[in-house]
Amino acid sequence: MFKSSKGEYIMPVTIENLFNENPYIEQICVMGSNLPQPVALVVLSDIGKAVNKSTLVSSLTETIQIINTQVNHYEHIRKSHHCQRKLVS
């Protein structure tokens, strides 16, 4: 559990479990201590790596929309950014 900069307590495991419904996601980490909204870092599954970008973005956007209907407003994932390159090797 962490506390957002708005003073709300957020249980990341709840959000992470909802993201796990998407077959394009291998791993997820939700964090956000002292941030206004939580941040989700996603590692794609082999299936997710194999689909084209527009299919992937559409699927992740839909997943975020579904999750946001199931969690409190202060737990919403507000933005997404998709990075093409590996950040670490």
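The rules behind each value
Residues numbered from 1 in each chain as written. Predicted model: local features only at pLDDT ≥ 70, side-chain atom pairs only at ≥ 80, totals over all residues. Heavy atoms only, no water. Helix = DSSP H or I, 4+ residues; strand = E, 2+ residues; numbered from the N terminus. Rg over C-alpha atoms; globule rule 2.2 N^0.38 Å. Buried < 20%, exposed > 50% of the residue type's maximum accessible area, 1.4 Å probe, protein only. Contact = heavy atoms within 4.5 Å. Lys, Arg positive; Asp, Glu negative; His and termini not counted. Charge placed at Lys NZ, Arg CZ, Asp CG, Glu CD. Core = buried A, V, L, I, M, F, W, Y, C linked by side-chain atoms within 4.5 Å. Expected span 1.5 Å × (residues − 1).

**Student:** Any chance you could break down the overall build of the protein chain for me, citing the residues and the numbers?
**Tutor:** Scanning the protein chain for helices and strands turns up three helices and four strands. Listing the helices and strands of the protein chain from first to last along the sequence gives β-β-α-β-β-α-α. Over its C-alpha trace the protein chain gives a radius of gyration of 13 Å, about what one expects of a compact globule, namely 12 Å for 89 residues. Over its C-alpha atoms, taken along the principal directions, the protein chain stretches across nearly 40 × 30 × 20 Å. By the burial criterion, 33% of the 89 residues in the protein chain qualify as buried. Partitioning the intrachain contacts of the protein chain with sequence separation of at least 6 by distance along the chain shows that 50% fall at a separation of at least 24. Side chains of the protein chain carry 8 positive and 7 negative charges; the gap between the two charge centres is 13 Å.

**Student:** Give me the nonpolar core: which residues, what numbers.
**Tutor:** Generally speaking, a soluble globular protein has its nonpolar side chains buried in company with each other. Grouped together as the largest cluster of nonpolar side chains are 15 residues, with contacts concentrated most on Ile-10, Ile-15, Phe-19, Ile-25, Ile-28 and Ile-67. Looking at this core, the elements with two or more residues in it are helix 1 (12-19), strand 3 (25-31) and helix 3 (53-70). Considering each element in turn, this core owes the most residues, four residues, to helix 3. Residues in contact with Ile-25, not counting those within four places in the same chain, are Phe-19, Val-42, Val-43, Ser-45 and Leu-60.

**Student:** I'd like to hear about helix 3, residue by residue, with values.
**Tutor:** An ideal rise of 1.5 Å per residue puts 26 Å on 18 residues; helix 3 measures up with 26 Å between its terminal C-alpha atoms. Regarding helix 3, the residues found buried are Leu-56, Ser-59, Leu-60, Thr-63, Ile-64, Ile-67 and Asn-68. For helix 3, the elements touching its buried residues are helix 1, strand 3, strand 4 (39-44) and helix 2 (46-50).

**Student:** Give a description of the environment of Glu-8 that names residues and reports values.
**Tutor:** Here Glu-8 shows up in the loop between strand 1 (2-3) and strand 2 (9-10). Taking C-alpha positions, Glu-8 is 7.1 Å from Tyr-74, a pair spaced 66 residues apart along the chain. If we skip the residues at most four places from it in the chain, Glu-8 touches Phe-2, Lys-3 and Tyr-74.

**Student:** I'd like a rundown of unusual backbone geometry, residues and numbers included.
**Tutor:** Non-glycine residue Asn-34 carries a positive phi angle of around 65°. The topology assignment puts Asn-34 in the loop between strand 3 and strand 4.

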